[in-house]
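If you want the building blocks of each chain, they are given just below.
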Amino acid sequence: MLEKQLIERLINTALESTADFAEVFIEDKMQSAIMMQSNTVEQAINNKTYGIGIRVAKGYQSVYGYTNSKNFDDVLKLTKDLAKSFEGKRVRETIELGELQTGKAHQIKRMPDSVDMKEKVAIVKRANVAARAYNDEIKQVSISYMDYVQNVWIASSEAIYVQDERVRTRLGIHAVASDGKDMQSGFNGPGAHYGFEFYETFSVEEAAKEAAKTAITMLHADECPSGVMPVVIDNGFGGVIFHEACGHSLEATSVAKNASVFSGKKGEQIANPIVNAIDDGTIENAWGSANFDDEGRSQQRRVLIKDGVLNSYMIDHINGKRMKETSTGSGRRQSYRFAPTSRMSNTYIDNGDSTFDDIISSTEYGLYARKMGGGSVNPSTGDFNFAVMEGYMIRDGKIAEPVKGATLIGSGKDALKRIDMVGNNLLRAQGMCGSLSGSIPTDVGQPTVRVSSMTVGGRKGAN
Amino acid sequence: MNFDLLFKKAEEKGLESVQIYLEETKQLDLEVFKGDLEKHQMADARELTIQGIYKGKMGKMKTEVINLDDVDQWVDELIKSASLIESQDEVFIYEGSASYKELKGLMQQELEDLDITKKMELVYDLEKKLKARDERVDISEAFYSQSRKRVLLQNSKGLKLEKDVNNAALGAHVVARENDDSRSAFDFAQSNVISDFDLDEIANNTVDKAVSQLGSKSIKSGSYEIVLQNSASASLLAAYMSMFSAESVQKGMSKLIDKVGDKIASDLVTIVDDPFRPKSPKSGSFDDEGVSTMYKEMVSDGKLTGYMHNLKTAKKANTESTGNGFRGGIAPTNFYIKEGTLAYDDAVKNMNKGLIITDLQGTHSGTNPISGDFSLQASGYLVEEGKIVQPVALITVAGNYLSLLQDVTDICDDLKFGLSFIGSPSLKIKSLVVSGE
């Protein structure tokens, strides 16, 4: 995009000050989206994003600015305005950028822009037909198709000059079931760091049926009883519990400010010893993977919890300074409109020894959360909440009647200690994670896990 | 920028009509954390959305690279997009309303001109007040966020409308700690006139809220009478405002279908969509389709009066657009429950045994906008004989939003808007199911 000399000039202009860090982030992204509802394609839209974000910092004080002007003088003026925050004698030598680094860890076979929109529409239609065919009570289906190619160039005073191409593809299936009185919905949204070849890796029809199944099951479900009980959280998107309850509290964003329940707990037992948790941005072609983070550092595999002991946080460059630790390659951002901060990539609880059947049969009474919805957490208290999208009661060690409207609440540090069974069927699922640096693609994941006691909120009242 | 060339090229290539929507945003964000300027962000960005009707279908594209050399490519893209559309719905590019209300003061030049150091002082001062208010304040953050948005809407039918609004938010976030317990709170104010900001009020509200939550415990499960505080009520209304959208209704995704004229809420409840509210960036005399906006009560003394429409849904329902065509769909402007006359303190005083809800968490996941059901994490205070006896956390409250509106027994006089300009006063509610211990 910008020539190397111009990028160098921006960095050196920013460092004409007492600043000790300067970074240029250039983004060029093309996104396609197709929306289908009521059996017809209602919208097809291409969205081109382009902009430059400039970050200048001294210690852990930083200023950030962005513009989508293509005029270099505008970008230079922005850089000078930002540097004004650190007026004074220059502290860094003139920066010269090295060779442009690129990565090849995630090969793409069919680039989205090489695929005719009609082929993409065909995928949407297959999903629509399959979801509707599942049951007569499926009254409404909406399908959203999305793919993008995000090209970024990142250069900074930390000897970083990289280019990364992130190609991501996702299909969202939303099914609504109704019997004339009640309406319930189900969602499934498979995605990956793939081009159009993604659709050769799984069955679109099965994915659509899965969303429809949730909607139908919940339509015929009773209200969930409330109370404190054991909760079995299934594999795949069930990992959102770890993401919300613990993952966010392990991000340097809150740890560095001493605002996390896990601040200063490195080396301590924070979970049951059967718990191992990992954040891995290197998994080949996974939804939350990339070659580099958004500060230009190589992605890594981070072991967050080893045998229940806190082993590593997720750290970005600036928060690393505050913590006197180095970056773990966890600086991420939605776009040039956001300064990066520490974020998750593909985060999961690793396999344990129990089988799914062991876990269910050893639970006399409780809730089986087969599919989780979204949730949120307050990192300073660790209190979390999330919705159960598809749930069943467990009675006498067997999966019993389906229940709707359940919410799980608790605190992350308690929940980690109360995980008393970990299955051997690890599965990851895709989500969008929203935080300070915007909405980014992340995988959540886990095998089936049992939490010995958890507060379940439901509308049926206490049993 | 002159878009006549685009309109001309589009016509040459067979598009019936074309419309552009150009949005320019300028943004300033400041954040002070424990005495240091933690965030300082400035931004300047433009986004162009182009729509065009080709063979009766609406093509659409967006770009941040706005260069008139690309006009041919834009037209081709519109045709490509339109060619994929199968919807039989009639599409519109609007020639304009008969008149547009003149609104004053949505853009205050003084706010733009005020030196940045003055804005920084404001944030530093607010942050100092947080720490000074109570020694149990462990983490204190204050922020200032200012934005200016300029919109140009122009189409090949001769319509040209412009809008220029600015707004600032000043707020605080604190974590209070005592023994092993920590509680957080957040509060803010919004205006485009700096002198409106009352630093003491923001600081005291935020700190007092966090501190008074220290030592929170769960309570026994059961059914409780409720005072739903203004901001908690606004967050719940935000989760359910799609119920009032004609788009949701026509797609069978709203429980308010066929309910116009019916009593859907307590007589005390009036819900308003007001595009003319002063000092709000959501205010304006036209929507994104160029339709003139209007003040309307969606629910009037408990009765549903109608739905929010854009051009497409209005045509389907054989009615007029209500000027709620925003971002390609339907959205409200300043949307709120009208305030009542009860003082908040009296609402608490005349409660025998009940629960004040100050916060609802997870409204993006624990609410079902179709059925109206919700089950949400809540915090607040337990009230006995008109007095707060205990702070409460780690409970969930469950119910249905439409039943809740029916169960409103009184409305306070403390209307407050959230960051997205959805507002509510505090509501007194007959009962909700609480699960705790």
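It should be emphasised that the depicted structure is a prediction, and the values quoted were computed from it without experimental measurement.

Calculation criteria
- Note on numbering: residues in each chain are counted from 1, in written sequence order.
- All chains are assigned letters beginning with A, and all ligands numbers beginning with 1, in the order in which they are written.
- Under the rules for a predicted model, residues below a pLDDT of 70 receive no local features and side-chain atom pairs below 80 are neither given nor counted, while totals for whole chains, interfaces and linings still include all residues.
- Only heavy atoms go into the side-chain values, all of them from the structure, while hydrogens and water stay out.
- In DSSP terms, a helix is any run of H or I states spanning at least four residues, a strand is any run of E spanning at least two, and both are numbered starting from the N terminus.
- We compute the radius of gyration from the C-alpha atoms alone; for a globule the expected value is 2.2 Å times N to the 0.38, where N is the number of residues.
- For the exposure calls, accessible area comes from a 1.4 Å probe over protein chains only, and a residue counts as buried if that area is under 20% of its type's maximum, exposed if over 50%, partly exposed in between.
- Contact definition: two residues touch when any of their heavy atoms are within 4.5 Å.
- Only the protein chains shown count as cover for residues, and the accessible areas themselves come from Shrake-Rupley with a 1.4 Å probe.
- His is not counted, nor are the chain ends; Lys and Arg add positive charge and Asp and Glu add negative charge.
- By convention, charge coordinates are those of NZ in Lys, CZ in Arg, CG in Asp, or CD in Glu.
- Note on terms: buried area is the combined drop in 1.4 Å-probe accessible area of two parts once they are placed together, counting the loss on both.
- Here a polar contact means two N or O atoms within 3.5 Å. Within protein one must be a hydrogen donor candidate and the other an acceptor candidate, and residues neighboring in sequence count only if both atoms are side-chain atoms.
- In what follows, salt bridge is the name for a side-chain nitrogen of Lys or Arg lying within 4 Å of a carboxyl oxygen of Asp or Glu.
- Whenever a pair of cysteine sulfur atoms sits within 2.5 Å, that pair is classed as a disulfide.
- Domain delimitation in this document rests on an assignment produced automatically or drawn from a domain database.
- A pair of strands counts as paired when DSSP detects no fewer than two bridges linking them.
- For every element, the axis is a line fit to its C-alpha atoms; helices are fit only across the contacting stretch, and the angle between N-to-C directions ranges from 0 to 180 degrees.
- Note on terminology: angles under 35 degrees are roughly parallel, angles over 145 are roughly antiparallel, angles of 65 to 115 are roughly perpendicular, and the others are oblique.
- In this scheme the handedness of a crossing depends on how the near helix is turned from the far one: anticlockwise by less than a right angle means left-handed, clockwise means right-handed.
- Residues were grouped as follows: Ala, Val, Leu, Ile, Met, Phe, Trp, Tyr, Cys and Pro as nonpolar; Asp, Glu, Lys and Arg as charged; and all remaining residues, including Gly, as polar.
- Stacked, edge-to-face and tilted labels apply to pairs of Phe, Tyr and Trp rings (six-membered ring for Trp) whose centres lie within 6.5 Å, assigned for plane angles under 30 degrees, over 60, and everything in between, in that order.
- In this analysis the charged atom, NZ for Lys or CZ for Arg, is taken to sit over a ring once it is within 6 Å of the ring centre and within 35 degrees of the ring normal.

Peer 1: Outline the overall build of chain B, listing residues and values.
Peer 2: Looking only at helices and strands, one finds ten helices and 20 strands in chain B. Its C-alpha radius of gyration of 24 Å places chain B within 12% of the 22 Å reference for a compact globule of 437 residues. Taken along the three principal axes of its C-alpha coordinates, chain B extends 75 × 55 × 35 Å. Out of the 437 residues belonging to chain B, those deemed buried represent 59%. Contacts spanning at least 24 positions in sequence make up 72% of the contacts within chain B whose residues lie at least 6 apart. Of the roughly 17700 Å² that chain B leaves accessible, carbon and sulfur atoms contribute 45%.

Peer 1: Please set out the overall build of chain A residue by residue, giving values where relevant.
Peer 2: If you tally the helices and strands in chain A, you get nine helices and 23 strands. Relative to the 2.2 N^0.38 estimate, which gives 23 Å for 463 residues, the radius of gyration of chain A is 24 Å and therefore close to what a compact globule would have. Projected onto its principal axes, the C-alpha positions of chain A cover 70 × 55 × 35 Å. Taking all 463 residues of chain A together, the buried fraction comes to 64%. Long-range pairs, those at least 24 residues apart, make up 74% of the contacts in chain A with a sequence separation of at least 6. Split by element, the accessible area of chain A, about 16200 Å² in all, is 47% carbon and sulfur. With 54 positive and 58 negative side-chain charges, chain A shows a separation of 3 Å between the mean positions of the two kinds.

Peer 1: So, the interface of chain B and chain A: which residues are in play, and what are the values?
Peer 2: Of the residues lining the interface, 61 residues belong to chain B; the matching set on chain A comes to 70 residues. Overall, the association of chain B and chain A removes approximately 5300 Å² of surface from exposure, summing both partners, and the carbon and sulfur fraction of that is 50%. The largest share of the area that chain B buries against chain A comes from Met42(B), Glu64(B) and Leu84(B), three residues that together contribute 13% of it. Our count for the chain B to chain A interface comes out at 27 residue pairs in polar contact (both at pLDDT 80 or more).

Peer 1: Describe in detail the pattern of salt bridges, supporting the description with residues and values.
Peer 2: Residue and element names in this part refer to chain B. All told, the structure shown has 64 salt bridges over all chains when counted by the stated rule. Where glutamate 102 meets lysine 104, a salt bridge forms, and the shortest distance between an N and an O atom there is 3.8 Å. In this structure glutamate 102 comes out as exposed when scored by relative accessible area, which is 65%. Note that aspartate 181 is salt-bridged to arginine 183, the shortest N-O span being 3.1 Å. Assessed through its relative accessible area of 17%, aspartate 181 is described here as buried.

Peer 1: Can you break down the state of the cysteines residue by residue, with the values?
Peer 2: By the definition in use, this model includes zero disulfides over all chains. Lacking any disulfide linkage, Cys433(A) is separated from the closest cysteine sulfur, that of Cys246(A), by 14 Å.

Peer 1: I'd like a rundown of the domain arrangement of chain A, residues and numbers included.
Peer 2: Residues and elements named next belong to chain A. Under the domain assignment used here, chain A contains domain 1 (4–219) and domain 2 (222–457). Centre-to-centre, using C-alpha coordinates, domain 1 lies 22 Å away from domain 2. The interface is formed by 56 residues belonging to domain 1 together with 43 residues belonging to domain 2. Buried area between domain 1 and domain 2, both sides added, is near 3800 Å², and the carbon and sulfur share of it is 52%.

Peer 1: How would you explain the side chain of Asp294(A) if you had to name every residue and give the values?
Peer 2: Residue and element names in this part refer to chain A. Note on placement: aspartate 294 falls in the loop between strand S10 (277–280) and strand S11 (301–306). For aspartate 294, the side chain forms a polar contact with the side chain of arginine 166, separated by 2.8 Å. Looking at aspartate 294, its side chain comes within polar contact range of the main-chain nitrogen of arginine 333, at 2.8 Å. For aspartate 294, the residues in contact, after removing those within four places along its chain, are Glu23, Phe25, Ile154, Arg166, Gly331, Arg332, Arg333 and Pro340.

Peer 1: So what about the environment of Asp4(B)? Which residues, and what values?
Peer 2: Residue and element names in this part refer to chain B. Relative to the helices and strands, aspartate 4 is located in helix H1 (residues 4–12). For aspartate 4, a relative accessible area of 44% translates into the label partly exposed. Through-space distance from the C-alpha of aspartate 4 to that of asparagine 167 is 32 Å; in sequence the pair is 163 residues apart.

Peer 1: Pulling in residues and values, what's your account of the sheet that holds S11(A)?
Peer 2: Strand pairing in a sheet relies on backbone hydrogen bonds, with the paired strands running either antiparallel or parallel. Residue and element names in this part refer to chain A. The six strands are arranged S12-S11-S10-S15-S22-S21 in an open sheet whose pairing can be described as mixed. One side of each edge strand has no neighbouring strand; the edge strands of this open sheet are strand S12 (309–310) and strand S21 (427–435). Most of the contacts of helix H5 (residues 240–247) go to strand S22 (residues 438–446), to which it runs at about 115 degrees, and overall it touches S10, S11, strand S15 (346–349), S21 and S22.

Peer 1: Account for the packing of helix H4 (residues 116–133) of chain B against helix H5 (residues 199–212) of chain B, with residues named and values stated.
Peer 2: Residue and element names in this part refer to chain B. For the pair H4 and H5, the least separation of the axes is 9 Å and the interaxial angle reads 40 degrees. Compared by their axis directions, H4 and H5 come out oblique. When you trace H4 past H5, the crossing you get is right-handed. For the pair H4 and H5, the contacting residues are Leu122, Asp125, Leu126, Lys129, Leu130 and Arg133 in the first and Leu199, Asp200, Ile202, Ala203, Asn204, Thr206, Val207 and Asp208 in the second. Of the residues assigned to the contact of H4 with H5, the class counts are seven nonpolar, two polar and five charged.

Peer 1: Give me the lowdown on the environment of Met58(B), citing residues and values where you can.
Peer 2: Positionally, Met58(B) belongs in strand S3 (residues 57–63). Beyond its immediate sequence surroundings of up to four residues, Met58(B) is in contact with Gln51(B), Gly52(B), Ile53(B), Ser81(B), Ala82(B), Ile85(B), Val91(B), Phe92(B) and Ile93(B).

Peer 1: Break down the pairing of strand S23 (residues 449–457) of chain A for me, citing the residues and quoting the values.
Peer 2: Side-chain direction in a regular strand flips from residue to residue, so the side chains alternate between the two faces of the sheet. Residue and element names in this part refer to chain A. Counting buried residues along S23, seven of its nine residues qualify, which places the element largely inside the surrounding structure. Bridging between strand S19 (residues 407–411) and S23 involves three bridges; their strand directions are antiparallel. Directly across from isoleucine 409, in S23, lies its bridge partner threonine 455. Bridge count between strand S20 (residues 419–422) and S23: three bridges; the pairing is antiparallel. Along S23, the bridge assignment pairs valine 422 with valine 449.

Peer 1: Explain the domain arrangement of chain B to me, and be specific about the residues and the numbers.
Peer 2: All names here are of chain B. Looking at the assigned domains, one finds that chain B contains domain 1 (4–211) and domain 2 (216–437). Taken over C-alpha atoms, the centre of domain 1 sits 24 Å from the centre of domain 2. Tallying the contact residues gives 36 residues for domain 1 and 33 residues for domain 2. Interface of domain 1 and domain 2: buried area, both sides summed, is about 2800 Å²; carbon and sulfur atoms make up 58% of it. Of all residues in domain 1, Phe92, Lys163 and Lys209 bury the most surface against domain 2, accounting for 18% of the area lost on that side. Between the two partners, domain 1 and domain 2, sit eight salt bridges. Where glutamate 23 meets arginine 327, a salt bridge forms, and the shortest distance between an N and an O atom there is 3.0 Å. For the interface between domain 1 and domain 2, the tally reads eleven residue pairs in polar contact (both at pLDDT 80 or more). Those elements giving two or more residues to the side of domain 1 that touches domain 2 turn out to be strand S1 (17–33), S3, strand S4 (137–155), strand S5 (160–178) and strand S6 (181–191). Among the elements that line the side of domain 1 that touches domain 2, the one with the most residues is S6, at seven residues.

Peer 1: Lay out the packing of helix H3 (residues 117–133) of chain A against helix H4 (residues 204–219) of chain A in plain terms, naming residues and giving numbers.
Peer 2: Residue and element names in this part refer to chain A. Put simply, H3 and H4 touch, their axes get as near as 8 Å, and they point 45 degrees apart. When the axes of H3 and H4 are compared, the pair comes out oblique. Every pair of crossing elements has a handedness; the one defined by H3 and H4 is right-handed. Contacts between H3 and H4 involve Ile123, Arg126, Ala127, Ala130 and Ala131 on the former and, on the latter, Val204, Glu205, Ala208, Lys209 and Ala212. Looking at the contact of H3 with H4 residue by residue, the classes come out as seven nonpolar, no polar and three charged.

Peer 1: Residue-level account of the packing of aromatic side chains, with values.
Peer 2: What the rule picks out here adds up to 15 aromatic pairs over all chains. Ring plane angle 10 degrees and centroid distance 4.8 Å describe the contact between Tyr240(B) and Tyr401(B), whose orientation is recorded as stacked. In this pair, Tyr240(B) sits in helix H6 (residues 230–240) while Tyr401(B) sits in helix H10 (residues 401–406), placing the two residues 161 residues apart along the sequence. By relative accessible area, which is 0% here, Tyr240(B) ends up buried. Following the ring pairs from residue to residue traces out a cluster consisting of Tyr145(A), Tyr194(A), Phe196(A), Phe198(A), Tyr199(A) and Phe202(A). When the ring centre of Phe25(A) is taken as reference, the NZ or CZ atom of Arg333(A) above it lies at 3.7 Å.

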